[in-house]
Amino acid sequence: MLRVRNVTKSFGALMAVHDVSFELGDIGITGMVGPNGSGKSTLFHILTGFYRLDRGEIFFNRHAIANRPPHQISRLGVIRSFQQTRPLPFMSVRDNLIAVAPRQCGESIWPLFFSPTRVRRQERALREKADGVLDLLKLAPLADELAGRLSYGQQKLMELGRILMADPRLILLDEPTAGINPTMIRQLVAVLCRLCEEGIQIFLIEHNMPLVAQLCQHVFVMDSGELIFSGTSGNARRDPRVVEAYLGRESHAA
Amino acid sequence: MPAGTRASSKPIWGGKAMLLEVDRINAGYGRTLVIEDVSISVDTGEIVSIIGPNGAGKSTVLRTVAGQLIPDAGAIRYSGQDITRIGMAERGRRGLMFVPQGMNIFPNLTVRENLEIAGLLLEDKAARREAVREALDHYPALGRKKNQYGRALSGGERQLLALSRTRILRPRLVLLDEPSLGLAPLLVDHIFDEIIRMTRLGVSVLLVEQNARKALSVSHRAYVLELGRNRLTDTGARLLRNEDVQRLYLGG
Amino acid sequence: MSYYLQLLLNGVIAGSVYALFAVGLTLVYGVFRFINFSHGELITWGAYLTLMFYTPPFSWPLFLSAIPAMALTAVIGFSQDFFIYRPLRRGNPITLLIASIGLSYMLRNAVRFIWGSDLRTFDFPPARGMEFGGYYVTGIQLLMLAAAVFFLAILYLGLTRTLWGKSLRATADNLELAAIMGISMPRVSASVWILASVFAAAGGILLALDTNLEPVMGATNLIKAFAAVLLGGAGNVWGALLGGLFIGIAENLGVAFFSPGYKDLVAFALIFLLLLFRPRGLFGLLTGVR
Amino acid sequence: MDYILHVLILALIYSIFAVSLNLELGYAGLYNFGHVAFFGIGAYISALLSRAGMPVEGAMLCAMAGAGIAGGLLAVPALRVTEDYFGIATLVFAEMFRLVCLNERWLTKGPMGLPGIPRPAWIARGVDGLPVYLILTALAAAGVFLFVRRLTGSPFGRALRVIREDEHIAQAFGKNVLLLKIKTIVTGSALAGLAGTLWAHYISYISPADFTLTETILVVLCVVLGGRGTHWGPVLGAFAVIFFGEAVRFLPIPHELHRYVAPLQGMVYGGILVLIVLKMPSGMIAEHRRNGA
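Fair warning: this is a prediction, and the values are worked out from it, not measured in the lab. (Residues numbered from 1 in each chain as written. Chains lettered and ligands numbered in written order. Predicted model: local features only at pLDDT ≥ 70, side-chain atom pairs only at ≥ 80, totals over all residues. Heavy atoms only, no water.)

Focus: the arrangement of the chains
Of all four pairs of chains in contact, the one with the most contacts involves chains C and D. Nowhere do chain A and chain C come into contact; their C-alpha atoms are at least 14 Å apart. One finds no contact between chain B and chain D; the C-alpha atoms of the two approach each other to within 18 Å at their closest. (Contact = heavy atoms within 4.5 Å.)

So this is what it looks like as structure tokens:
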């Protein structure tokens with residue numbers, strides 16, 4: 001359950017996000033849309049700790065996460081994706097998944113030498129978990145392939161696999177369908193719906209409005225840093241302010 | 001050949017060539033293709049705009065025409081000559097001017113210095129100095145601040161400074177990438193008035209704009225792109241009333 | 001009280017020479033976004049080449065021997081970029097840093113190879129300090145100050161009055177826009193490297209007049225130049241000039257408080273503090289002109 | 001024969017020094033050009049303690065701890081800046097260290113340096129102690145090699161590689177990047193301190209002139225030439241650099257040309273470093289051909 005109150009952020013004179021407040025109740029998939037430069041990416045970075053906010057508060061299940069470093073927010077189960085896929089090219093697909101799993105005791109020096117069995121056991125468990133996720137995403141045959149050699153669409157699926165390895169409670173996706181072909185989009189959407197059924201909340205930033213309409217029960221629309229609409233995507237399409245945000249204002253004739 | 005002269009070369013096969021013909025270009029960044037088989041054309045004296053939802057590849061088309069990006073396939077012909085692989089400076093000398101999106105002035109140069117650099121392509125020193133003086137007189141807002149640094153200008157003034165390069169170079173075709181980005185509505189109208197005044201100088205305009213209605217209201221013709229492909233093309237007026245355009249942006 | 005003013009005077013003189021080093025370094029950073037570690041060796045080569053032309057078999061007068069020295073240093077500076085840095089430009093900044101460290105070590109040892117490691121001097125006759133108003137200034141120090149001011153004045157006029165200078169500043173300001181405006185990149189990069197090399201060489205010669213020449217003189221002064229660049233805000237030419245003066249004065253005044261052995265420590269400590277708290281520099285955007 | 005033992009000991013000490021830098025530079029992508037400072041700190045601490053009568057083994061342990069702590073002190077502030085500035089900050093740190101050693105005469109005897117650094121009691125002095133010292137150094141080198149291999153082959157090493165490839169991904173998936181980097185630098189510095197003590201007690205005389213940019217170039221060369229981010233790369237690099245350095249002594253060079261040898265060697269080292277970065281960035285042993293954890 002994410003609560004955002006009066007979040008404001010400006011870069012010098014430019015007011016990127018202005019007094020935005022909203023709540024993600026227990027809705028499965030929520031979408032945030034808006035033309036370029038509307039501030040939705042800035043808000044996304046603020047929610048995940050990559051940008052500091054000037055004013056306002058953010059709560060995720062009672063935890064105040066405003067201005068907390070990204071790794072602390074991530075450990076609460078708020079996991080994000082990046083607009084461009086960022087595979088670790090020299091590792092296999094399975095290693096890409098295992099590498100990002102949280103709370104690995106093998107990542108601190110002491111247990112490595114003084115409780116090696118615990119480390120080995122956790123490694124095996126992570127390996128099985130990774131293979132499970134790869135099956136879910138139908139990427140199992142590529143498990144040992146170097147991540148750098150995957151197609152763009154496969155890398156997007158692998159990115160989703162990495163998010164699943166982090167035991168997410170709320171997934172924040174930054175334009176998941178940008179630049180991938182329709183068949184891959186259908187596969188991605190299918191996986192997202194299945195995650196929803198398992199109770200994982202998804203908050204999706206997208207400017208592909210038709211996809212948002214199909215996927216999201218609830219939509220927020222932002223324009224020049226302000227939240228101008230909150231409701232179903234059907235109403236959004238008919239709301240004059242949203243139409244004007246997207247199509248602009250016709251002026252006096254030439 | 002200093003820019004601005006009117007000698008438009010006639011193609012040998014008769015029939016006057018369009019000022020600009022973009023023929024099925026494919027381009028992208030790294031391994032991902034952003035635009036596929038996109039074709040557009042602009043004729044002398046026209047304002048043509050390219051619109052479409054985000055990520056449609058509008059800016060990529062413009063940057064390919066400007067020469068900032070070399071297409072993987074397809075050709076670009078400018079007044080009959082193939083310029084697909086020619087550098088930006090040479091395109092500028094042939095009268096093709098590009099105003100990029102966002103930061104399109106030099107923040108740490110004064111307004112006058114910005115204009116002098118803008119006129120760099122005019123080989124003749126005297127012509128350049130005269131053009132800069134004339135531009136400063138023509139835009140009093142810039143004239144008053146001619147010794148101030150670019151970063152001290154407001155959003156609207158910066159865009160005006162970027163557009164004023166047209167008055168200096170007197171190009172034949174100007175490429176504008178989202179001139180209204182980040183500007184308040186009132187300023188957007190002001191900037192578009194300036195664009196219209198440009199055509200009175202005999203300058204044709206190819207415009208990429210997110211504010212679709214505004215662009216359509218000033219364009220003779222427009223192309224609508226979706227997911228990197230030509231989707232629709234028509235006159236500005238007819239597209240304003242076309243239902244498909246709104247559905248493309250908002251779905252449903 | 002006059003003791004401090006004397007230190008201040010020495011500081012200004014040393015600072016003006018540091019400014020010559022810093023200006024070239026920050027110009028390269030402004031356009032290419034990389035700190036050239038072997039910039040120090042240009043200082044050393046400038047000084048040694050001048051000494052070569054000044055002593056037999058050439059034994060030309062000082063001014064005459066400085067010209068070819070600076071020209072040859074410019075050739076070294078330009079070929080550094082052409083053969084080594086340009087192919088690496090696409091890579092990450094670290095490979096450029098490693099390459100410039102390796103190159104600096106190579107050039108320094110080349111000086112040791114040709115001229116040996118022992119100290120050398122121009123051995124001017126010990127000029128009795130001219131005394132005016134209670135402060136002693138040697139003829140050489142006056143020459144240093146005058147030459148430094150002369151070079152910096154030329155730089156100022158070049159960068160603000162000529163179109164060539166303005167296009168340099170424009171490229172440092174916004175590389176992408178500069179290309180759109182039709183500024184030719186090869187010409188800009190050549191002039192940046194030549195300018196940086198000439199200024200480094202000039203600084204090296206002036207430094208050598210007052211102190212003696214040693215193969216490692218470039219490296220120690222590079223760190224000071226880098227401190228000046230950081231102080232002025234990386235890429236900011238006038239900031240680097242002010243930064244150089246500041247360091248010269250801080251060093252010389254500092255001598256009154258702690259042992260001269262720690263003179264270099266001032267620049268080191270300054271770098272550390274600036275890197276951690278104000279990477280953009282004190283004069284960040286104050287002086288404006290990049 | 002003794003000469004070969006000498007070269008072997010030097011090569012082993014330098015391989016410890018290179019392996020410790022590789023942990024930071026090769027695996028975590030931390031370009032620490034001040035590594036020689038920790039080599040020096042280790043040398044000075046153990047020299048001072050052992051001259052003050054402390055048993056050498058104890059002095060060595062204190063030296064490692066001291067170097068590690070110094071590594072932490074440098075890491076906490078220096079990690080606030082980006083890669084290339086971090087490289088310059090660490091380089092300046094090394095120069096500051098050398099300057100302090102030069103000027104704090106009461107502690108380090110300044111430029112005259114510290115003579116008479118004792119060897120462990122059970123190792124004879126002078127030449128006949130060489131074989132035993134070689135064994136000690138070999139054991140230390142093997143220990144360090146296995147320790148670092150275990151470290152970099154484990155989830156810890158994998159996390160470092162994630163940080164090196166893409167820090168944002170590491171942060172977005174809950175890795176405390178700063179803490180991992182500090183641990184890496186502290187460990188690397190402690191191991192560099194070990195190399196420093198072994199060297200100090202072997203040479204028995206140290207001075208600030210032994211910890212200059214030359215040593216930084218040499219150790220970076222070992223890592224970059226050998227192969228960044230690999231286990232055997234730095235060891236191979238260390239042996240190659242030391243053997244080349246020492247082999248030059250055997251060349252029949254007439255006496256009057258003698259002064260040209262050292263500068264020529266310096267030019268070759270610098271030149272190789274530039275060539276490697278230009279032509280063979282992954283060094284002799286390429287990392288990803290050996291594929292991951």
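From this point on, the discussion continues.
A word on a nonpolar patch on the surface
There is a patch of nonpolar side chains on the surface, built from Tyr3(C), Tyr4(C), Phe257(C) and Phe258(C) and spanning about 460 Å² of accessible area. One can find Phe257(C) in the loop between helix 10 (237-254) and helix 11 (263-277). (Patch = residues over 30% accessible without salt bridge, like charges linked within 9 Å, V, L, I, M, F, W, Y side chains within 5 Å. Areas by Shrake-Rupley, 256 points an atom, 1.4 Å probe, with all protein chains shown as cover. Salt bridge = Lys/Arg side-chain N within 4 Å of Asp/Glu carboxyl O. Helix = DSSP H or I, 4+ residues; strand = E, 2+ residues; numbered from the N terminus.)

Focus on the interface of chain C and chain D
Frequently, the measure chosen for interface size is the accessible area that the parts lose on association. Counting residues at the interface gives 41 residues for chain C and 41 residues for chain D. Between chain C and chain D, the buried area comes to about 3700 Å², and carbon and sulfur atoms account for 80% of it. At the boundary of chain C with chain D, the tally comes to zero salt bridges. On inspection of chain C and its partner chain D, the count reaches one residue pair in polar contact (both at pLDDT 80 or more). No other element matches the 17 residues that helix 4 (residues 93-115) of chain C contributes to the side of chain C that touches chain D. Broken down by class, the residue content of the side of chain C that touches chain D amounts to 32 nonpolar, six polar and three charged. (Buried area = accessible area lost by both parts, 1.4 Å probe. Polar contact = N/O pair within 3.5 Å; in protein donor to acceptor, adjacent residues only side chain to side chain. Nonpolar A, V, L, I, M, F, W, Y, C, P; charged D, E, K, R; others polar.)

Section: helix 4 of chain C
All names here are of chain C. Here helix 4 spans 33 Å end to end across 23 residues, near enough to the 33 Å set by a 1.5 Å rise per residue. Within helix 4, 18 of the 23 residues are buried, leaving the element largely enclosed by the surrounding structure. Downstream of helix 4 by one or two residues, Gly116 has phi in the positive range, about 75 degrees. (Expected span 1.5 Å × (residues − 1). Buried < 20%, exposed > 50% of the residue type's maximum accessible area, 1.4 Å probe, protein only.)

Quick word on the confidence of the model for chain D
Residue and element names in this part refer to chain D. For chain D, per-residue confidence averages 88 on the pLDDT scale, and residues scoring 70 or more make up 98% of the total. Across residues 289-293, where pLDDT falls below 50, the model places nine contacts with residues more than four positions away in sequence or in other chains. Overall fold confidence (pTM) sits at 0.87, and the ipTM for the predicted complex is 0.84. (pLDDT = per-residue confidence, 0-100.)

Some thoughts on the packing of helix 6 (residues 155-163) of chain B against helix 8 (residues 185-200) of chain B
Two measures define how a pair of helices packs: the angle their axes make with one another and the distance between the axes. Residue and element names in this part refer to chain B. Relative orientation of the contacting elements helix 6 and helix 8 amounts to 10 degrees, with a least axis distance of 10 Å. As judged from the angle between their axes, helix 6 and helix 8 are roughly parallel. Of the residues in helix 8, those in contact with Gly156, Gln159, Leu160 and Leu163 of helix 6 are Leu187, Ile191, Glu194, Ile195 and Met198. (Axes fitted to C-alpha atoms, helices over the stretch in contact; angles between N-to-C directions. Parallel < 35°, antiparallel > 145°, perpendicular 65-115°, else oblique.)

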